[in-house]
Amino acid sequence: MTSRTSRVRRTWIAVAAAVAVVPMLAACGGNAAATGSAGEIDGSTIVLQTVNSLQPQFQQYADAYTKKFPQRKVEVRATTDDGAKYAQQLATARISGKLPDVFFNVDYLADTLAKANVPLDLAPGIKDGKLGSLKLDDFVAPFVGQYRPINHPDQVTGLPVSADSVGLFYDKTLFDKYGVTEYPKSDWTWDDMMRVAKEIQAKSGGKVYGIKAPLTDGSNQLVFGPVLRAFGADVYNGKTGKSDIGSADAVKGWKLLISMYGTSSNPYSANPNDASLGFGAGNVAMGIGSRAGIPGLQKTVKDDWNVQTMPTINGKSTAGGGSYGLSISQTSKNQDAAWAFLKWFYSKDGMAVAQKVGGVIPPTNDGIDHGTWKDTGGKPPSNIAIFGASARTAALLTPMPGSSGSVMTQATVKATQEVVLQHVPAEKAFREAQDTVNAQLAKDTKNK
């Protein structure tokens, strides 16, 4: 299954290259110093920019805020869902001094925008009480860490909207229909998951896939990142500045994931968003997805279904996670009003709206433990609380410098296709992918 949040994230994995082509900003980036001004709060109007797919959601946030504070206005502007174009728009707006006051950010874009001096460093303001009593330590640290620039980890250039991580969804009706009595358990390993998926696929005569292929087309880093890490490999190591996706440990993970095509999952498909292969399509017994996808499934899936924590490998969690966030622009002339909006948004009142409208899990420790996100109204899944634990143990997507993130995606898709379709040995295909990624990393590091 694929939630709106996950689809938005994946669309943005390749955006890092976009801002890198703006030499004027790249040359002066790095200090995230404020150049805007405070302004008034009551009587103010701030511009909140998001992407088209999230515009209805953000408009409801703005409406709730202005209902609470009638003397404050929020103008929601929506723009392209194309990541490269969005990044270029922000870079151009930075040059012309026309940045929005508050804007949609995303984990893979955060470092590049920070280097381009687009977002404000929020850390000093939070320390000074701009979010009221809420401090950085109140947020789930790994998710905040996605908005700490690689070269300036003391800064925070955005705050996550949701602690978004994945779990294992399963269709109990399909399990029962084909006489498979072993539902997913919290102590499952990947071997357990694959064994049961194969059983369902075999007993259904191939009418039902045991699970949607976790690797999808080879680009699903939310899955392969934690799997490779469990085997002892890194998608990207910030200390060494290199990737080891072609190492012996990594190849163990790739072979496991690729072995699932056609046996415990659907055959390889070049379309990762094929609706006929998604959980809830009626022919897929299990799927990997996030809390954000639950409201949609509650409306469309008639079967009895539930969720469970992701199975482990070598005793390690394989839950992946990522986020999109909110940032304040450096050049905003309404920074106090922008801070006031963030203060409300991350308060219990704002997070209540976000949980109801966006299906988010609050990115704070208190929100995970006591938020309303666990209230399903008596609808499936009854085990929704597993996403709280998943958020705290998730292996989050690793920020990579420059355009290396998009090169990574292209390289892993190519390698997967070579192994599955051309029968190239995994060792060879992924060693070449690693060489490609590391060559790009060397360029990005040299040009930083």
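Bear in mind the structure is a predicted one, so any value in this text is a computation, not a measurement.

S.K.: For this particular structure, what's the right way to read the nonpolar core?
M.R.: A general tendency of soluble globular proteins is for nonpolar side chains to be buried together. Of all hydrophobic cores here, the largest spans 79 residues; its most connected members are W190, M286 and F387. When neighbours within four sequence positions are excluded, W190 is seen to be in contact with P214, V223, V227, L256, L257, M260, M310, P311, T312, I313 and T318. Grouped together as the second largest cluster of nonpolar side chains are 50 residues, L99, L326, I328 and F345 included.

S.K.: Whenever I open this one, the pattern of salt bridges confuses me. Can you help?
M.R.: Side chains carrying opposite charge are able to pair once their charged atoms draw close together. Considering all chains together, one arrives at 13 salt bridges under this definition. The shortest N-O distance in the salt bridge between D249 and K252 comes to 3.8 Å. Of this pair, D249 and K252 both sit in helix α12 (residues 248–258), three residues apart, roughly one helical turn. Given a relative accessible area of 30%, D249 falls into the partly exposed group.

S.K.: Sorry, what's going on with helix α17 (residues 386–393) here?
M.R.: One full turn of an α-helix is made of 3.6 residues, so residues set three or four places apart face in the same direction. Looking at α17, one finds that the buried residues are I386, F387, G388, S390 and A391. Looking at the buried residues of α17, the elements they touch are α8 (141–145), β5 (164–171), β6 (286–290), α13 (294–300), β7 (305–308) and α16 (365–370).

S.K.: Mind showing me how you'd approach the pairing of strand β2 (residues 73–79) here?
M.R.: Taken residue by residue, a regular strand's side chains alternate between the two faces of the sheet. Of the pairings in the sheet, the one linking strand β1 (residues 45–51) to β2 comprises seven bridges and is parallel in character. By the bridge assignment, L48 is partnered in β2 with V76.

S.K.: What am I meant to see in the sheet that holds strand β11 (residues 324–328) here?
M.R.: Sheets are built from strands paired through backbone hydrogen bonds, the pairs being either parallel or antiparallel. Strand order in the open sheet formed by five strands is β2-β1-β3-β11-β4, and the pairing between neighbours is mixed. Two strands in the sheet have a free side with no partner beyond their single neighbour: β2 and β4 (159–160). Against the sheet, helix α14 (residues 335–345) makes contact with β1, β2, β3 (102–106), β4 and β11, and its axis sits at roughly 150 degrees relative to β11, the strand it touches most.

S.K.: Explain the environment of W339 here, please?
M.R.: Positionally, W339 belongs in helix α14. Taking the relative accessible area as the measure of exposure, W339 reaches 5% and is therefore buried. Sequence separation between W339 and L131 is 208 residues; the distance between their C-alpha atoms is 7.2 Å. When sequence neighbours within four positions are dropped, the list of residues in contact with W339 reads L120, L122, G125, I126, K130, L131 and I328.

Cut-off values and rules
Residues numbered from 1 in each chain as written. Predicted model: local features only at pLDDT ≥ 70, side-chain atom pairs only at ≥ 80, totals over all residues. Heavy atoms only, no water. Core = buried A, V, L, I, M, F, W, Y, C linked by side-chain atoms within 4.5 Å. Buried < 20%, exposed > 50% of the residue type's maximum accessible area, 1.4 Å probe, protein only. Contact = heavy atoms within 4.5 Å. Salt bridge = Lys/Arg side-chain N within 4 Å of Asp/Glu carboxyl O. Helix = DSSP H or I, 4+ residues; strand = E, 2+ residues; numbered from the N terminus. Pairing = 2+ DSSP bridges. Axes fitted to C-alpha atoms, helices over the stretch in contact; angles between N-to-C directions.

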